[in-house]
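Observations on chain architecture
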Amino acid sequence: MSSHRFAGEVAIVGIGATEFSKASGRSELRLATEAVKAAIADAGITPDQVGGMVTYSSETNPDVDIARALGIGDLTFFSRIHYGGGAACATVQQAALAVDAGVADYVVCYRAFNERSGNRFGAGVQGRAPIANAEMAHLGSYMPVGLLTPASWVAMAAQRYMHVTGTTSADLANIAIADRKHAATNPKAWFYEQPITLEDHQASRWIVEPLRLLDCCQETDGAQAIVVTSLERARDLPNAPAVIRAAAQGSGKGQDMMTSYYRDDLCGLPEMAVVGEQLWGTSGLGPADMDAAILYDHFSPYVLYQLEELGFCGKGEAKDFIKDGRIEHGGALPLNLHGGQLGEAYLHGMNGIAEGVRQVRGTAVNQVEGLDRIVVTAGTGVPTSGLVLSSDA
Amino acid sequence: MDTRIDHSVALAALVGQVSGEPAMGPHLVNEAMIVHWVEAMGDANPVYVDDAGAREVGLEGIIAPPTMLQAWVMVGLRATLERESARASGSAKSGEESANDTMMRLLDEEGFTSVVATNCEQDYDRPLVLGEQVAVQLTIEAISDVKTTGLGTGRFATTRYDFYVIPPSTERSGSAIAAEVASAERIGTMRFRILKFAPAPRSAPKPPRPLPSVTQDNAFFWEGLKDGELRIQRCTSCGTLRHTPLPGCGECQSLDWDWIVSAGAGEIYSHVTVHYPQVPSFDYPLPIGLIELDEGTRIVANLDMNPDDVKIGMRVQASIVAFDDELSLPVFAPVTA
Ligand SMILES: [Zn+2]
């Protein structure tokens, strides 16, 4: 049973975001700067107190540019994490490690992009000849065939999962319906006041069979930032701390980036099992202790996989677990109460962490009454990460 | 907005006009040209080559094949090209421009720069006999409205050729020929119909497929496909197959490897049908399979079948398809029992 030393000793104390839109009208750097500024203000600290910055390797905005723009002083810790959305919770883990090690007192994690009006991930990988290196060699082998987009990479695994478990497209709809129900009451969500029905889901066009449009996350312009410090310092700051009970990264057997098609079966996400084992082992908590969950939802099928890998239900049982409102606000395990990436915004998972913090603070728009503990996950189909957050009780 | 130049009025004025002065054939009707013609046409009728044979059927001697009508006035390739070139460059003086030249120029200006012959009809008044001098006079008979055809948009134009026999003479001016023709005997006519058109824009050629990222570790796989082989990497220490290629074996940690050539038989382990986004290099809906090869590894490949017919567990067989000089891929189709 793993036990990470920093667990329970660090907390998220600040969150800040821009609006979530389809055309921000300003630079990605501007978005990042706004979000980091807002998170620092929310934390109740000053920019010169920030000693570390963490982001994704896919981020285009250098930490030093944001630091100069906001009057952040000397940085003693800066790092970037790979694997797209898989980096989300890992940014917080790195911040926690740095804080716990005494390398930096306050660390800001951030992610900003014009993913809708600028470089759209959904447009697919294009161009005749990719760069010849090991990183491109694997994914590059699918380009000549026409398997070019994240939706297509996920769909290949999902088809097998659906075949083996008997999960149908209508079953997947439960994820989208819950996300959109929660987004409908979240004014920050792109799909505010736009819930969907099963019929809407089933009528939506195919993107890559077996995935329909409403199985796929949005494309978003926006930014989200998060401030991490020690629990000891957190107790002197204005917001109730969201205590980091566990934070973990995971890569599993047969791991590839998005296309782990050569594993014994395609019905699992072993990397999420690696994350879950650490989360539960470190926190001393289990799935039954979670009052809610924020599970990464770029494509609906992988939410089912995560419920199984994290132990919320048995293998192949997720299609039944998500029925009858169990994952909706008021249900036994409400999921993605901000609307998720299908409903609120696609911020590469960072907006989900912010929702976890709001739920712990008790300030969420779809607040779960008496919530104490929540699990948050990062991008799936890639080496990934997760968090367990709780109140300081 | 349609900015096409429209010469409808000028073209209509040309209809019925005689085109330039009549032309005289460079050679009298002669036996040598007839022999070459029937030889090329494979026409064994003795009346064209054998004086006795011709007389046997009541003729007064050899006659020319009627279909040679135009051949007697053709000036040859070089002269034709020179005239075409002068017309195209606009160097032909207006005084020298015949009605036919004018018509062609106007049609070019309308953007109908391509030409294709569509019909040729000949009528014969009487056969030509050896020693006769043929002359021809062109008349613009019809120019159509702008039509849209399978080839493109353009106009049909019909020129009538009237053929005459005039007294033989080696030196004659254009006006002298015209004077002869005015009182000559017409021996045949030809209606020659062309389509002058603007070629329909071709749909943009499909761009080539994206290429793989070829490294020293995986080059054998991509080179193999170009050679028509589906190569699967094999650990030479423990025999484990692996795809996609890696420099080492996760089972025994050996860095030594070779490859086997897969027979390309297997079954569909999973599959997708891509509908969106639609990249121009591919046809949609695009079925793609994850194939479990009989040798034991899996491979992602295109499927040559109706997307609705693809089923997990279906038996399939690969063919290696060359998409272009730089890219060959295995494409799997169902095995018919
Ligand atoms: Zn081996």
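Below, the structure is looked at part by part. Every residue gets a number counted from 1 within its own chain, in the order that chain's sequence is written. Written order decides the labels, with chains lettered from A and ligands numbered from 1. Local features are withheld for residues below a pLDDT of 70 in this predicted model, meaning they are given only at 70 or higher, and side-chain atom pairs are given and counted only at 80 or more; totals for whole chains, interfaces and linings count all residues. Excluding hydrogens and water, the side-chain values take into account all heavy atoms of the structure.

By definition, any uninterrupted DSSP run of H or I lasting at least four residues is a helix, any uninterrupted run of E lasting at least two residues is a strand, and each is numbered from the N terminus. Scanning chain A from terminus to terminus reveals 13 helices and 11 strands. For chain A, whose C-alpha radius of gyration is 19 Å, the value lies close to the compact-globule estimate of 21 Å for 393 residues. Taken along its principal axes, the extent of the C-alpha atoms in chain A is 55 × 50 × 45 Å. Working rule for contacts: check all heavy atoms of both residues, and any pair within 4.5 Å makes them a contact. The long-range share in chain A, meaning contacts at least 24 apart out of those at least 6 apart in sequence, stands at 77%. Counting rule applied: Lys, Arg positive; Asp, Glu negative; His and chain ends not counted. By convention, the point assigned to a charge is CZ for Arg, NZ for Lys, CD for Glu and CG for Asp. A gap of 4 Å separates the mean positions of the 29 positive and 44 negative side-chain charges of chain A. Note that the radius of gyration is over C-alpha atoms, with the globule rule given as 2.2 Å times the number of residues to the power 0.38.

Across its full length, chain B holds seven helices and 14 strands. Computed over C-alpha atoms, the radius of gyration of chain B comes to 35 Å, more than 25% over the 20 Å expected from 2.2 N^0.38 for 337 residues, which places it beyond the range of a compact globule. Considered along the principal axes of its C-alpha atoms, chain B spans approximately 105 × 60 × 35 Å. Considering only intrachain contacts with a sequence separation of at least 6, the fraction spanning at least 24 residues in chain B is 66%. Of the roughly 17,600 Å² of accessible surface on chain B, a fraction of 52% belongs to carbon and sulfur atoms. Taking the average location of the 26 positive side-chain charges in chain B and that of its 46 negative ones, the two points are 5 Å from each other. The protein chains shown are the only cover counted for residues, whose accessible areas, like all others here, come from Shrake-Rupley with a 1.4 Å probe.

Now for the pattern of salt bridges. Residues and elements named next belong to chain A. We count a salt bridge whenever a side-chain nitrogen from Lys or Arg sits within 4 Å of a carboxyl oxygen from Asp or Glu. In total, this model carries 38 salt bridges over all chains according to the counting rule given. Across the pair Glu34 and Arg30 runs a salt bridge whose closest N-O atoms are separated by 2.6 Å. Note that Glu34 and Arg30 are positioned in helix H1 (residues 28-43) at a spacing of four residues, about one turn of the helix. Accessible area is worked out with a 1.4 Å probe on protein chains only. A residue is then buried under 20% of its type maximum, exposed over 50%, and partly exposed in between. Relative accessible area serves as the criterion here: at 25%, Glu34 is assigned to the partly exposed category. Relative accessible area serves as the criterion here: at 48%, Arg30 is assigned to the partly exposed category.

Turning next to the sheet that holds strand E8 (residues 241-242) of chain B. Residues and elements named next belong to chain B. Strand pairing is assigned whenever DSSP identifies at least 2 bridges connecting the two strands. The strand order E8-E7-E9 describes an open sheet built from three strands, whose pairing is antiparallel. Only two strands of the sheet have a single neighbouring strand rather than two, namely E8 and strand E9 (257-261). Sheet analysis places strand E7 (residues 231-235) next to E9, joined by five bridges and oriented antiparallel. Residue Gln233 lies in a different strand from E9, and its bridge partner there is Trp259. To obtain an axis, a line is fitted to C-alpha atoms, over the contacting stretch when the element is a helix, and the angle between two such axes runs from 0 to 180 degrees between their N-to-C directions. Helix-sheet contacts for helix H7 (residues 219-226) involve E7 and E9, and the interaxial angle to E7 is about 145 degrees.

A few words on the packing of aromatic side chains. Centres within 6.5 Å are what make two rings of Phe, Tyr or Trp a pair, Trp counting through its six-membered ring; a difference in plane orientation under 30 degrees is then read as stacked, over 60 as edge-to-face, and the rest as tilted. In the structure shown here, the tally under the stated rule is 12 aromatic pairs over all chains. When the centroid spacing of 6.2 Å and the interplanar angle of 90 degrees are considered together, the rings of Phe121 of chain A and Tyr346 of chain A count as edge-to-face. Taken together, the residues span a long stretch of sequence, with Phe121 of chain A in the loop between strand E4 (106-114) and helix H4 (134-140) and Tyr346 of chain A in the loop between helix H12 (340-343) and helix H13 (350-361) at a distance of 225 residues. The structure contains a cluster of three or more aromatic residues connected by ring pairs, namely Phe113, Phe121 and Tyr346 of chain A. Two conditions define a charge sitting above a ring: the NZ of Lys or the CZ of Arg must be within 6 Å of the ring centre, and it must be within 35 degrees of the ring normal. One Lys or Arg, Arg111 of chain A, reaches over the ring of Tyr56 of chain A and ends 4.8 Å from the middle of that ring. Looking at Arg209 of chain B, its charged tip hangs above the ring of Phe323 of chain B, at a distance of 4.0 Å from the centre.

On to the nonpolar core, then. Membership of the largest hydrophobic core comes to 98 residues, with the highest contact counts inside it found for Leu147, Tyr261, Leu307 and Phe312 of chain A together with Ile288 and Phe332 of chain B. Broken down by element, this core gets its largest block of residues, eight residues, from helix H5 (residues 150-165) of chain A. Ile288 of chain B has contacts with Val145, Gly146, Leu147 and Met156 of chain A together with His271, Val272, Val274, Val300, Ala301, Asn302 and Leu303 of chain B, leaving out every residue within four places of it along the chain. In these notes, a set of buried Ala, Val, Leu, Ile, Met, Phe, Trp, Tyr and Cys residues joined through side-chain atoms within 4.5 Å is what counts as a nonpolar core. Counting residues in each nonpolar core, the second largest holds 40 residues, with Val54, Val92, Ala96 and Ala242 of chain A among its members.

The subject of this paragraph is the interface of chain B and chain A. Each partner contributes residues to the interface: chain B has 37 residues there, and chain A has 41 residues. Reported buried area values correspond to the accessible surface (1.4 Å probe) lost by two parts on association, with both partners' losses combined. Taken together, both faces of the contact between chain B and chain A bury some 3,200 Å²; the carbon and sulfur share is 61%. If you sort the residues of chain B by the area they bury against chain A, Ser213, Tyr276 and Val300 of chain B come out on top, with a joint share of 17%. Linking chain B with chain A are zero salt bridges, by the criterion used here.

Turning our attention to the coordination of the zinc ion. Residue and element names in this part refer to chain B. Only Cys235 (SG), Cys238 (SG), Cys249 (SG) and Cys252 (SG) from the protein reach the zinc ion as donors, at distances of 2.3 Å. Note that water is not among the atoms used; donors are N, O and S atoms within 2.8 Å of the metal (3.2 Å for Na, K and Ca), so sites may look incomplete. By the criteria applied here, four donors are tetrahedral when all angles lie between 85 and 135 degrees, four are square planar and six octahedral when opposite donors are over 155 degrees apart and every other angle lies between 65 and 115, and any other arrangement is irregular. Here the zinc ion is ringed by four donor atoms whose angles at the metal span 99 to 114 degrees, and the overall shape comes out tetrahedral. Donor residues binding the zinc ion come from one chain and are separated in sequence as C-x2-C-x10-C-x2-C. Note that Cys238 is positioned in the loop between E7 and E8 and Cys252 in the loop between E8 and E9, a separation of 14 residues in sequence. When its relative accessible area of 38% is taken as the criterion, Cys238 is described as partly exposed.

Further remarks concern the sheet that holds strand E11 (residues 384-390) of chain A. Residues and elements named next belong to chain A. If you trace the nine strands from one edge of the open sheet to the other, you get E3-E2-E4-E7-E1-E8-E11-E10-E9, paired in mixed fashion. Of all the strands in the sheet, the pair left with one neighbour each is strand E3 (77-81) and strand E9 (292-294). Direction aside, neighbouring strands of the sheet carry axes that sit 25 degrees apart on average. The sheet contact formed by strand E2 (residues 50-56) and E3 spans five bridges and is parallel. Of the residues in E3, the one forming a bridge with Met53 is Phe78. In the packing of H1 onto the sheet, contacts are made with strand E1 (10-17), E2, E4 and strand E7 (221-230), and the angle to E1 comes to roughly 130 degrees.

Residue and element names in this part refer to chain A. Between H5 and helix H10 (residues 301-309), whose axes approach to 10 Å, the crossing angle comes to 60 degrees. In this view, H5 runs oblique relative to H10, as classed from their interaxial angle. The handedness of the crossing between H5 and H10 comes out as left-handed. On H10, the residues touching Val154, Ala157, Ala158 and Tyr161 of H5 are Pro301, Tyr302, Leu304, Tyr305 and Glu308. Broken down by class, the residue content of the contact of H5 with H10 amounts to eight nonpolar, no polar and one charged. Orientation labels follow simple angle bins: below 35 degrees gives roughly parallel, above 145 gives roughly antiparallel, 65 to 115 gives roughly perpendicular, and whatever is left gives oblique. In this scheme the handedness of a crossing depends on how the near helix is turned from the far one: anticlockwise by less than a right angle means left-handed, clockwise means right-handed. Three categories are distinguished: nonpolar for Ala, Val, Leu, Ile, Met, Phe, Trp, Tyr, Cys and Pro, charged for Asp, Glu, Lys and Arg, and polar for the others, with Gly belonging to the last.

Residues and elements named next belong to chain A. Mapped onto the fold, Asp221 is located in strand E7. One buried charged residue, Asp221, forms no salt bridge at all, with the nearest opposite charge on Arg116 at 7.2 Å. As used in this structure description, the phrase polar contact means that two N or O atoms lie within 3.5 Å; if the pair is within protein, one of them must be able to donate a hydrogen and the other to accept it, and residues adjacent in sequence are counted only when both atoms belong to side chains. Within the structure, the side chain of Asp221 is placed 2.8 Å from the backbone nitrogen of Ser24, a separation counted as a polar contact. Residues within four places of Asp221 in sequence aside, it is in contact with Glu19, Phe20, Ser21, Lys22, Ala23, Ser24, Phe113, Asn114, Glu115, Arg116 and Ser117.

Another aspect to go through is the environment of Met156 of chain A. Residue position: Met156 of chain A is located in helix H5. With relative accessibility at 0%, the residue Met156 of chain A sits in the buried group. A sequence separation of 67 residues divides Met156 of chain A from Cys89 of chain A, and the C-alpha atoms of the two residues are 26 Å apart. The contact partners of Met156 of chain A, leaving out residues within four places of it in the chain, are Leu147, Tyr261 and Leu266 of chain A together with Ser270, His271, Val272, Ile288, Gly289 and Leu290 of chain B.

These results come straight from atomic positions and should not be treated as a statement about function.
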